Amino acid sequence: METFPAESKFDPLNTSGTWTVEHSHTITYDVRICKGLLDVESPVLAEWCLSTQDREHQVLIVLDDAVNRIYRQEIHRYFVHWGLLPSYMVLEGNEGTKDVESAMKVAARIGEVGLLRRSEKVVVIGGGVVMDVVGMAASLFRRSPCIPSGLRHHQRV
């Protein structure tokens, strides 16, 4: 007779050949609220993007279209100031973008840029749709569950 992990529920009298497997995986991460995150004097984001590798540090920055229009120059100035090599991708921040095709485009862009899978970062600046799409792509590309750096953009009116 076969043995199954404790998480599996196997009924030997079940003739359908199916059983239920339950799995629990805890993901823990810090949420940091920072004022002036893109101020060139603030090292917070740059330190997260830098690694100990012996090469210039690349970073892929995925922006939603509204953030791109308003903050692209400020974002670029920040990353260049810290010696990072930024590449960009812009996605529309609407529900129509939230699909597998968009995630595959982001994954392709990660490959084009040539990010090192475990040490170079994907930074997301935008709303929830863009963060969801990039999170899926990063998880597929890196072959393990990961949460991209997400900067949710809030604009006061």
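These remarks concern the structure in this document. (Residues numbered from 1 in each chain as written. Predicted model: local features only at pLDDT ≥ 70, side-chain atom pairs only at ≥ 80, totals over all residues. Heavy atoms only, no water.)

1. As for helix α3 (residues 100-113)
Then, in step 1: Taking 1.5 Å as the rise per residue, α3 with 14 residues should run 20 Å; its terminal C-alpha atoms sit 20 Å apart, in good agreement.
Then, in step 2: All of the buried residues along α3 are Ser102, Ala103, Val106, Ala107, Ile110 and Val113. Looking straight down α3, one finds that the buried residues subtend no more than 140 degrees of arc, so they occupy a single side. Turned more than 90 degrees away from the buried face of α3, the exposed residues are Val100, Glu101 and Glu112.
Then, in step 3: Gly114 occupies a position one or two residues after α3 and carries a positive phi of about 80 degrees. (Helix = DSSP H or I, 4+ residues; strand = E, 2+ residues; numbered from the N terminus. Expected span 1.5 Å × (residues − 1). Buried < 20%, exposed > 50% of the residue type's maximum accessible area, 1.4 Å probe, protein only. Arc of directions from axis to C-beta.)

2. Structural notes on the packing of aromatic side chains
Then, in step 1: Tallying each qualifying case throughout the model produces 2 aromatic pairs.
Then, in step 2: Note on Tyr78 and Phe79: the rings are 5.3 Å apart at their centroids and 85 degrees apart in plane angle, and the pair reads as edge-to-face.
Then, in step 3: The exposure class assigned to Tyr78 is buried, which follows from its relative accessible area of 0%.
Then, in step 4: Their ring planes at 45 degrees and their centres at 6.5 Å tell us that Tyr78 and Trp82 sit as a pair that is tilted.
Then, in step 5: Chaining the aromatic ring pairs together yields one cluster made of Tyr78, Phe79 and Trp82.
Then, in step 6: The ring centre of Tyr88 lies 3.8 Å from the NZ or CZ of Arg72, which sits over that ring.
Then, in step 7: Sitting above the plane of the Trp48 ring, Lys121 keeps its charged end 5.2 Å from the centroid. (Phe/Tyr/Trp six-rings, centres within 6.5 Å; stacked < 30°, edge-to-face > 60°. Lys NZ or Arg CZ within 6 Å of the ring centre and 35° of its normal.)

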